[in-house]
Amino acid sequence: MTKRIIDLRLVEKREWPQAVLLKLRSDVEPLPEAAPGQFVQVRVDQSPATYLRRPISIHFIDRERRELWLLVRKVGAGTRAMADWPLQTRVNVVFPLGHPYTLPKASKKERCLLVGGGIGLAPLLYLGKMLHEQGHHPMFLLGGRSADDLIQLNEFEQYGELCLTTEDGSAGIKGLVTAHPVLQGPSPDRIYCCGPKPMMVAVARYARQKGLWCEVSLENTMACGIGACLCCVEDTVEGHRCVCQEGPVFNINQLKWQI
Amino acid sequence: MLTASGTFGYGREYTDFIDLSDLGGIIVKGTTLHPREGNAYPRMAETPSGMLNAVGLQNKGVDYFVEHIYPEVSQYDTRVLVNVSGSTVDDYVACAEKIQALDKIPAIELNVSCPNVKQGGMAFGVSCEGIASVVGAVRKVYHKHLMVKLSPNVTSIADIAMAAEAAGADSVSLINTLLGMSIDAEKRRPRLSTVTGGLSGACVKPVALRMVWQVAKAVKIPVIGLGGISSATDAIEFLLAGASAVQIGTANFIDPAVSVKVVRGIEDYCERHHIEAVSSLTGALEI
Ligand SMILES: Cc1cc2nc3c(=O)[nH]c(=O)nc-3n(C[C@H](O)[C@H](O)[C@H](O)COP(=O)(O)OP(=O)(O)OC[C@H]3O[C@@H](n4cnc5c(N)ncnc54)[C@H](O)[C@@H]3O)c2cc1C
Ligand SMILES: Cc1cc2nc3c(=O)[nH]c(=O)nc-3n(C[C@H](O)[C@H](O)[C@H](O)COP(=O)(O)O)c2cc1C
Ligand code: FES
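This report concerns the structure included in the present document. As the structure is a prediction and not an experimental result, all values here were calculated from the model.

Residues and elements named next belong to chain B. Where strand E1 (residues 2-3) and strand E14 (residues 245-248) come together, two bridges link them in parallel fashion. Residue Thr3 lies in a different strand from E14, and its bridge partner there is Ile248. Relative to E14, strand E13 (residues 223-225) runs parallel, the two sharing two bridges. Residue pairing for E14: Gly225 is matched across the bridge by Val246. Considered for its hand, the β-α-β crossover made up of E13, helix H7 (residues 232-241) and E14 is right-handed.

Written as structure tokens, this is what we have:
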């Protein structure tokens, strides 16, 4: 997959208290091929506080409309500036970057559990769509602090069943994702996970105990995003590996987490 | 125009964005005699108009370079320079000897200025005796172009540059990163695993420019300027201050095609100002 630097136009926006959905369109050329789990490096502006690009997962790609969707949680200067962009803003992105989630063989219909916590649900929409299209059975287990975090549910619903948890009980089962009863039922063939590290560690531990295949997506701080600077490394069984190039998706067996 | 060591990988990271033959050359990552895993994560902290890094010379060692990377980079239609680092004089010498044997590497850049490794590196680059000992020893065994990369973490950069020249350097490049630090006040913790790290990017440009100007006045060998360059205008400022060539580092992270844009921009500038040879800009600052 060839990486490209491309200018997109902000054509649609949706805001929630903590997050924003940005739909970016390519007016001149088709979007490059990209796979679920890959990410883009977004140029925010040229203010001193946002000197480097911001890495954001591919939330969804609509090839026909040439649209790239980003789901962004407002945490600091860069992500807040993105949420404030007026429609029609020109947005410069570098993508597709990183190593995607591993899809099962199309010939074998597999049960896939997609576990997302907080803004970690972002990459799971495009993943769910691809799995659904290939005839697999994705099920989404999405968790947040409160109902405010559980966004884009009508989109997720198109591709698979939803299981929800919130820490305050304002939606779904009260507690962390690992408290959801779906994990006590029949085991999935694969688990795909993205979210805050403690949550991913908990899911990885569950997968390890049950001997299940599991991939997680890491969010190490990055500078270049293309494997040139070695700033984003994760300590793996093979030594330091770039999260931007050999990740962000890793099989839990590659990581040195205490699970 | 060259791309700066540690910011351009081995070049292949950028081939989707630019044609390497449009560049004067690339300087590959810091290479050491033995493999190095580098420092622990976190290794990067963004700062106003810049960044701190503490990569710590992660690389697979010179033998790996010779066996696995050289065959690929020697095919590039551009000059490939190797940045050589070490913790002892013997390491530098052994590493330089191995690279001398590679036909397609016309020069090495001796990194005596990395702030991110415990022993060696910068220690050599911060005193005239230190730099003379490494440069002198490498000069004895290395017969191609020897570029020496200077540390800005010194009181008098001109003295260090003169010591490098006297010890046999063919050119000097400057600046490497400035030693800096970043703290997360909420967590009361440093943002880098190593506490301190190397500052680079737009914010270091005024310091770099001043040092290039001082060094260019002090030595006769060519000076290669770098530090915060992200546009043709930036590059031209370095030439005017006395640089014969420039390198682009951190800016490659923000725009992976910036190096080629700078080359084109310098050409445009020369056309606009009716300048025939870029070299006539070197040191052309009017005071
Ligand atoms: C591969 C990858 C994919 C990502 N995908 C998404 C996504 O789809 N949607 C999304 O909203 N975010 C995503 N992130 C995280 C996003 O990059 C950061 O939240 C963003 O860079 C913060 O920029 P800022 O300027 O708003 O915050 P800064 O001003 O840089 O930081 C503000 C605060 O946010 C915290 N912060 C900074 N970076 C991160 C991080 N990586 N994770 C958690 N907290 C952080 C800092 O500690 C600080 O307290 C992803 C990160 C990576 C590496
Ligand atoms: C992530 C990173 C890694 C670097 N690694 C090296 C290195 O291995 N050897 C070296 O001589 N300089 C290294 N440098 C320093 C740069 O080559 C350059 O001197 C410095 O960043 C200043 O230029 P800039 O502001 O254009 O980036 C590194 C810089 C960065 C940001
Ligand atoms: S962010 Fe530069 S190597 Fe990963």
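There's more to say after this.
All names here are of chain A. The full set close to ligand 1 counts 20 residues, and Arg54, Pro55, Arg73, Gly78 and Thr79 are the nearest of them. Between ligand 1 and the protein, one listed contact pairs an oxygen atom with a side-chain N or O atom of Arg54 at 2.8 Å. Here an oxygen atom of ligand 1 sits 2.6 Å away from a polar atom, N or O, in the main chain of Pro55. If ligand 1 stood free it would expose 870 Å²; the protein chains cover 73% of that surface. Looking at the shell around ligand 1, the elements with two or more residues in it are strand E4 (54-57), strand E6 (67-73) and helix H1 (77-84). The element best represented in the shell around ligand 1 is E4, accounting for four residues. When its residues are assigned to classes, the shell around ligand 1 shows twelve nonpolar, five polar and three charged.

To continue, consider the interface of chain A and chain B. Between chain A and chain B, the contact holds 29 residues from the first and 32 residues from the second. Note on chain A versus chain B: buried area summed over both sides is about 2600 Å², and carbon and sulfur give 60% of it. Among the residues chain A hides against chain B, the three largest losses belong to Tyr51(A), Leu230(A) and His240(A). Together they make up 27% of the total. Here Arg54(A) makes a salt bridge to Glu46(B), at a shortest N to O gap of 2.9 Å.

Let us look at the site of ligand 2. Residues in contact with ligand 2 amount to 23 residues; listed here are only the nearest, Ser5(B), Lys149(B), Gly201(B), Gly228(B) and Thr250(B). Around ligand 2, the nearby residues trace back to chains A and B. One nitrogen or oxygen atom from the side chain of Asn111(B) is found 3.2 Å from a nitrogen atom belonging to ligand 2. One of the backbone N or O atoms of Gly228(B) is found 2.7 Å from an oxygen atom in ligand 2. Relative to its free-state accessible area of 600 Å², ligand 2 is covered by the protein chains to the extent of 96%. When the residues that make up the shell around ligand 2 are grouped by side-chain class, the tally is seven nonpolar, 15 polar and one charged.

Now for the pairing of strand E9 (residues 137-144) of chain A. Residue and element names in this part refer to chain A. Of all the eight residues making up E9, seven are buried; the element is thus mostly covered by neighbouring parts of the structure. Where strand E8 (residues 111-117) and E9 come together, seven bridges link them in parallel fashion. The residue bridging Gly117 from the neighbouring strand is Gly143, located in E9. The parallel pair E8 and E9 is bridged by helix H2 (residues 124-133), and the resulting crossover is right-handed. Where E9 meets strand E10 (residues 161-166), six bridges bridge the pair, whose relative direction is parallel. Within E10, the position partnered with Met139 by the bridge is Glu161.

This paragraph deals with the nonpolar core. Formed by 129 residues in total, the largest nonpolar core has its most connected members in Phe65(B), Ile108(B), Leu110(B), Val138(B), Val148(B) and Leu174(B). Summarising the domain contributions, this core has at least three residues from each of domain 1 (4-97) and domain 2 (111-217) of chain A. In this structure Leu110(B) touches Val84(B), Tyr92(B), Val134(B), Val135(B), Val138(B), Leu146(B), Met147(B), Val148(B) and Lys149(B), once residues within four positions along its chain are discounted. If you look at the next biggest cluster of nonpolar residues, it comprises 51 residues, including Val20(A), Ile56(A), Leu124(A) and Tyr192(A).

Attention now goes to the packing of aromatic side chains. Any two aromatic rings considered together are summarised by their centre-to-centre distance and by the angle between their planes. Residues and elements named next belong to chain A. Tallied over the full model, the rule gives nine aromatic pairs over all chains. Between Phe60 and Tyr159, the aromatic rings sit 6.5 Å apart at their centres with planes inclined by 20°, giving stacked as the arrangement. Placement of the pair is Phe60 in strand E5 (residues 60-62) and Tyr159 in the loop between helix H3 (153-156) and E10, with a sequence separation of 99 residues. Here Phe60 matches Tyr159 in class, with each residue buried. Between the aromatic rings of Phe140 and Phe156, the centroid separation amounts to 4.9 Å while the plane-to-plane angle is 70°, which identifies the pairing as edge-to-face. Highlighted residues: Phe140 in strand E9 and Phe156 in helix H3, separated in sequence by 16 residues. Here the aromatic residues Phe60, Trp69, Tyr126 and Tyr159 are joined through ring pairs into a cluster of three or more. Sitting over the face of the ring of Trp213, Arg190 holds its NZ or CZ atom 4.3 Å from the ring centroid.

Rules behind the numbers
Residues numbered from 1 in each chain as written. Chains lettered and ligands numbered in written order. Predicted model: local features only at pLDDT ≥ 70, side-chain atom pairs only at ≥ 80, totals over all residues. Heavy atoms only, no water. Pairing = 2+ DSSP bridges. Helix = DSSP H or I, 4+ residues; strand = E, 2+ residues; numbered from the N terminus. Right-handed = clockwise from strand over helix to strand, strands pointing away. Near = heavy atom within 4 Å. Polar contact = N/O pair within 3.5 Å; in protein donor to acceptor, adjacent residues only side chain to side chain. Areas by Shrake-Rupley, 256 points an atom, 1.4 Å probe, with all protein chains shown as cover. Nonpolar A, V, L, I, M, F, W, Y, C, P; charged D, E, K, R; others polar. Contact = heavy atoms within 4.5 Å. Buried area = accessible area lost by both parts, 1.4 Å probe. Salt bridge = Lys/Arg side-chain N within 4 Å of Asp/Glu carboxyl O. Buried < 20%, exposed > 50% of the residue type's maximum accessible area, 1.4 Å probe, protein only. Core = buried A, V, L, I, M, F, W, Y, C linked by side-chain atoms within 4.5 Å. Domains from an automatic or database assignment. Phe/Tyr/Trp six-rings, centres within 6.5 Å; stacked < 30°, edge-to-face > 60°. Lys NZ or Arg CZ within 6 Å of the ring centre and 35° of its normal.

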